[in-house]
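# Secondary and tertiary structure notes
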Amino acid sequence: MENTKKTFRELLDKIQAYGHAMSKMYYDSVTVMPKRGNEAVGRTLGVLSEEEYKLSTSEELKSCTKELLAHKDELDAITAREAELTWESFSKLEKIPMDEYVQYQMDVNTAQGVWHEAKVKSDFAMFAPHLEKLVKFNRNMARYIDPEKPPYDVLLDEYEKGMTMEKLDEFFAKVRAGVVPLLKAVMERGRKIDVSFLEKDFAIDKQREFSEFLMKLMRMDKERSAIGETEHPFTINFTKNDVRITTHYHEDMLLSSLYSVVHEAGHATYELNIGDELAMTTLGTGVSMGVHESQSRFYENIIGRSREFVGLIYGELVRLFPQEMEGVTEEQLYLAVNRAQPSLIRTEADELTYALHVMVRYEIEKKLIAGEIEVAELPKLWNELYKEYLGVDVPDDKNGVLQDSHWSGGSFGYFPSYAIGSAYAAQLLSVMEEEMDVFAQVKSGDLQPIIDWLTCRIYKFGCLKKPGELIEQACGKPFDPQYYIDYLTKKFTEVYKL
C-alpha cells in the first residue's frame, strides 16, 4: 500500500504540474501576452494537454486508484478523498477521445483570442464559428460522460456537484417570485437615488492605488497574491501561495473596478485560506463554483455594499479623488452603490437585479446545449430575454451576447453558480450573525474575525467535502433560498424606504 500511495502521489503531482503550466500560460495570454503570441501558445497547450490526458487516463493511475479505493478504510482522509475524486475524473476523461480533448484545448485558446477582438468590434459573427466548435464539443462530452442524462445536467454537475435543471428551475422560480415584485416596488415607489457624482472621469492611476488599499483592507497577503488587468476580471489560483486577481479599469466607471476587486478578492480569500495540509494536493482548491461564488458575492455585496464598509472606503476615495468627490457625503455614496436599476451588463448589475442577468444565461444555455437553438440565433434570443426579464433594449453585441468571457473558455453550466452562490452567501450570513456582530466588525476595519469564521467552516476544507455537505455543515441546515429572498427584501426595503 505504501508503494501504491507513493506512485499515486507521483502521478498526481505530474498531472498537477501540467495543469500548473497550462494555467500560467492562460493567465499570461489574457493579461500581458502580445496578440501575435496566441498561435504559439495554442500549439504548446496542445502538447501539454495531450501529455496531461495520457497521464490522467493511464493504466498505472487507474490501477493505483482502484487499489486505494479497495482499501479505503485504511487510508487517511486526504488520500481517500483524492482517490475518490481521481476515479471520478478518470471515469469521465477516459470516455472522451484524446484527439477531441486535445483539439478542444487548442480551440478554447483560439476562441478566447477571437472573443476579445470580437467584443471590441461588437461583431458576434466573427466569434460564432469558434463558439460553434466549443458548443459541439461540450454537447459531445456530456454524451460521452453520461448518455442517460440530459447533456446540460452533466455540464452543471461539473461546476456544482449534484446540480440539475430540475433543481435550478425550482430555485430560479422562487428567486423570480421574490425579486420581480420587489424590483417593481423599488422602481414605482422607491425614493430616487442620485448617482450623478459617479458620472465623471476618475484617473486610472488613482484607481490602481485604490485597488491596493482594498487588497490591504481585505487582508490579502501581498507575498502570496497579486493583481493584474484584463478585459474580463477573474481570479486564478496556482497554489494557495500564488493567487492572482484581475480587474478592468474604466475612467468613467469608478464602481466597476472597485467592486470587481472586492469580488475577486473574495475568491482569492477562499484560496489563500485553504488548509495547509491540502495545499499541494488535488484537494487544495475551492470545492465548487457555487461555493466559490458564495464568497465573492459575500464580500462584494453583503460586506462591500454595507454602510459599514462604505464608511471604511469613503475617506480614501475623498483623499484620492478630492475634486470628483467634493460635496459627496458618505450616505450618498452608500445609496449610490446600492441603487437598483435594470441594466445591460451583468458584471455591473446591482445586487437586486443580478439574478435576472444570470437567468437569461441559464435559459439560453439550456436551449443551446439541448440543440433547441443554434449559435447563430444567440444574439436575437439574448436581446429578447433581456427585454422580457429586465425591460432593457440591447444596442449591440458588445453590450449583449459578447459581454461575458465564459463561453469563449468553454464554461457552459457555470453561470447558475453566481445566483446559487449569492443565495449560499445570504444563508451563511444568517448563521454568522448568530455568533458575532458582523457589521460592527466591518465598521471596526478588521475583517480578520470574519475571514477566520469562514475559514473554519468553508475555506480550510478545500475539496475534502462535497458542496452540499459543506454548506449544510456550515449552516447547520440544508440550503434554503428563502434566506436570499429575505435578505434582499430587508435590505432594499430599507434602502428605498418602501
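Whatever comes next refers back to the structure up there.
Residues numbered from 1 in each chain as written. Predicted model: local features only at pLDDT ≥ 70, side-chain atom pairs only at ≥ 80, totals over all residues. Heavy atoms only, no water.

What follows deals with the overall build of the protein. Scanning the protein from terminus to terminus reveals 20 helices and 3 strands. Radius of gyration (C-alpha) of the protein: 23 Å, near the 23 Å computed for a compact globule of 498 residues. When each of the 498 residues of the protein is scored for burial, the buried share is 56%. Summing over all exposed atoms, the protein offers an accessible surface of approximately 21100 Å²; the carbon and sulfur share of this is 50%. Each charge class in the protein was averaged separately, 60 positive and 84 negative side chains, and the resulting centres sit 1 Å apart. (Helix = DSSP H or I, 4+ residues; strand = E, 2+ residues; numbered from the N terminus. Rg over C-alpha atoms; globule rule 2.2 N^0.38 Å. Buried < 20%, exposed > 50% of the residue type's maximum accessible area, 1.4 Å probe, protein only. Areas by Shrake-Rupley, 256 points an atom, 1.4 Å probe, with all protein chains shown as cover. Lys, Arg positive; Asp, Glu negative; His and termini not counted. Charge placed at Lys NZ, Arg CZ, Asp CG, Glu CD.)

This part is about the sheet that holds strand β3 (residues 242–247). Spatial strand order, β1-β3-β2: 3 strands in an open sheet with mixed pairing. The open sheet has two free edges, formed respectively by β1 (225–229) and β2 (235–239), since each of these has just one partner strand. The average angle at which neighbouring strand axes cross in this sheet is 20°, direction not considered. Bridge analysis of β1 against β3 gives 5 bridges, and the strand direction is parallel. Residue pairing in the sheet places Ile227 in a bridge with Ile245 of β3. Across the sheet, helix α1 (residues 2–31) is in contact with β1, β2 and β3; its angle to β2 comes to roughly 150°. Contacts between helix α10 (residues 254–272) and the sheet are confined to β1, β2 and β3, with β3 contributing the most and set at about 165° to the helix. (Pairing = 2+ DSSP bridges. Axes fitted to C-alpha atoms, helices over the stretch in contact; angles between N-to-C directions. Contact = heavy atoms within 4.5 Å.)

Let us now look at helix α13 (residues 330–337). Those residues of α13 that fall on the buried side of the exposure criterion are Leu333, Tyr334, Leu335, Ala336 and Val337. On its buried side, α13 packs onto α10, α12 (307–320) and α20 (482–495).

Proximity of charged atoms lets side chains of opposite charge pair with each other. Within the structure shown, the criterion is met by 41 salt bridges. Two residues, Glu39 and Arg43, come together in a salt bridge whose shortest N-O distance is 3.6 Å. With Glu39 and Arg43 both in helix α2 (residues 38–56), this residue pair falls 4 residues apart, about one helical turn. The same class applies to Glu39 and to Arg43, which are both exposed. With a shortest N-O distance of 3.0 Å, Lys161 and Asp157 are connected by a salt bridge. Its relative accessible area of 12% is what places Asp157 among the buried residues. One network of salt bridges, in which partners are shared, links Glu88, Lys92, Asp157, Glu158 and Lys161. (Salt bridge = Lys/Arg side-chain N within 4 Å of Asp/Glu carboxyl O.)

For the rest of this paragraph, the subject is α12. Between its first and last C-alpha, α12 extends 20 Å over 14 residues, near the 20 Å set by a 1.5 Å rise per residue. Ile313 marks the point of greatest bend in α12, at about 30°. Along α12, the positions that sit buried rather than exposed are Phe309, Val310, Ile313, Tyr314, Glu316, Leu317 and Leu320. (Expected span 1.5 Å × (residues − 1). Bend = angle between axes of the 7 residues up to and from the residue.)

Looking at the secondary structure, you find Phe213 in helix α9 (residues 204–217). Exposure remark for Phe213: the relative accessible area of 23% places this residue in the partly exposed category. Note: C-alpha distance between Phe213 and Tyr249 (36 residues apart in sequence) is 15 Å.

What follows covers empty space enclosed by the protein. Evaluated as defined, the whole model comprises 4 cavities of 30 Å³ or more. Space inside the largest cavity adds up to approximately 60 Å³. Arg297, Asn301, Ile302, Glu351, Ser422, Tyr484 and Tyr487 are the residues that line the largest cavity. Elements supplying a minimum of two residues to the lining of the largest cavity: α11 (289–303) and α20. The element that contributes the greatest number of residues to the lining of the largest cavity is α11, accounting for 3 residues. (1 Å grid on protein atoms, 1.4 Å probe; cavity = no way out; pocket = protein on both sides within 12 Å on 5 of 7 lines; lining within 4 Å. Points joined across faces, edges and corners; volume = space filled by probe spheres on them.)

All right, on to the environment of Arg457 then. Checked against the element boundaries, Arg457 lands in helix α18 (residues 448–457). Judged by its relative accessible area of 21%, Arg457 is partly exposed. Sequence separation of Arg457 and Asp396 is 61 residues, and the distance between their C-alpha atoms is 44 Å. When near neighbours in sequence (up to four residues on either side) are disregarded, Arg457 contacts Glu435, Leu470 and Ala474.

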